[in-house]
Amino acid sequence: MNVDEVKRTIREGNQAANEAKATLDRVRAGAAAAEQLARVTIHDSQDKDAQAGLKILEGLGREVDLTERRIDAAVDHANAYLAAIG
């Protein structure tokens, strides 16, 4: 693989990473809607399973944020490598 092929592959990876972030934005929106619906549905429930499910939905946004930060870091490193190889 020559340098131009490496650069192309890295750029394609960066594009895929940006597409993944767009997908994660849709996941975040869907999770937020599901969390709101769950809150309304079980607002007075003391059921442990219902409360546990709500906790999972509450944590999903944080997981999406962490994943997006990892993607951003990967793209930053890829771009630094591109700059280093010219």
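Our subject is the structure listed above.
Below is a summary of the structure that appears in this document. (Residues numbered from 1 in each chain as written. Predicted model: local features only at pLDDT ≥ 70, side-chain atom pairs only at ≥ 80, totals over all residues. Heavy atoms only, no water.)

**A closer look at the overall build of the protein**
- Along its length, the protein carries 2 helices and 0 strands.
- In terms of C-alpha radius of gyration, the protein reaches 19 Å, well past the compact-globule figure of 12 Å for 86 residues.
- A principal-axis box enclosing the C-alpha atoms of the protein has dimensions of 60 × 15 × 15 Å.
- Buried residues in the protein amount to 22% of all 86 residues.
- For the protein, restricting intrachain contacts to residue pairs at least 6 apart in sequence, the fraction spanning at least 24 positions comes to 70%.
- Computing the positive centroid from 12 side-chain charges and the negative centroid from 15, the protein places the two 3 Å apart. (Helix = DSSP H or I, 4+ residues; strand = E, 2+ residues; numbered from the N terminus. Rg over C-alpha atoms; globule rule 2.2 N^0.38 Å. Buried < 20%, exposed > 50% of the residue type's maximum accessible area, 1.4 Å probe, protein only. Contact = heavy atoms within 4.5 Å. Lys, Arg positive; Asp, Glu negative; His and termini not counted. Charge placed at Lys NZ, Arg CZ, Asp CG, Glu CD.)

**A closer look at helix α2 (residues 48–85)**
- A rise of 1.5 Å per residue sets the reference length of α2, with its 38 residues, at 56 Å; its end C-alpha atoms lie 55 Å apart and thus fit the reference within 8%.
- Remark: the principal bend of α2, roughly 30°, maps to L60.
- When we look at burial in α2, the residues that qualify are A50, L54, V64, L66, E68, I71, V75, A78 and L82.
- Tucked into the core, α2 has its buried residues touching α1 (3–41).
- Among the residues of α2, the N-terminal cap falls to D47, whose side-chain oxygen and the backbone nitrogen of D49 are separated by 3.1 Å.
- Looking one or two residues beyond α2, the residue adopting positive phi is G86, at roughly 85°. (Expected span 1.5 Å × (residues − 1). Bend = angle between axes of the 7 residues up to and from the residue. Polar contact = N/O pair within 3.5 Å; in protein donor to acceptor, adjacent residues only side chain to side chain.)

**Things to note about the pattern of salt bridges**
- Evaluated as defined, the whole model comprises 8 salt bridges.
- In this structure, the salt-bridge partner of K21 is D72, at a minimum N-O distance of 2.6 Å. Taken together, the positions of K21 in helix α1 and D72 in helix α2 put the pair 51 residues apart, joining distant regions of the chain.
- Here D65 makes a salt bridge to R28, at a shortest N to O gap of 2.6 Å. (Salt bridge = Lys/Arg side-chain N within 4 Å of Asp/Glu carboxyl O.)

**What about α1?**
- Along its 39 residues, α1 runs 56 Å from first to last C-alpha, staying within 8% of the 57 Å computed at 1.5 Å per residue.
- All of the buried residues in α1 are V6, K7, I10, N14, A17, L24, A31, E35 and A38.
- Buried residues along α1 sit against α2.
- Regarding α1, its N-cap is N2, as a side-chain oxygen of that residue lies 3.0 Å from the backbone nitrogen of D4 further along.

**Some remarks on the packing of α1 against α2**
- It is the contact of α1 with α2, at a shortest axis distance of 9 Å, that shows an interaxial angle of 165°. Judged by the angle between their axes, α1 and α2 are roughly antiparallel. Judged by the twist between their axes, the crossing of α1 over α2 is left-handed.
- Residues belonging to the contact of α1 with α2 are distributed by class as follows: 20 nonpolar, 3 polar and 11 charged. (Axes fitted to C-alpha atoms, helices over the stretch in contact; angles between N-to-C directions. Parallel < 35°, antiparallel > 145°, perpendicular 65-115°, else oblique. Left-handed = near helix turned anticlockwise from the far one by under 90°. Nonpolar A, V, L, I, M, F, W, Y, C, P; charged D, E, K, R; others polar.)

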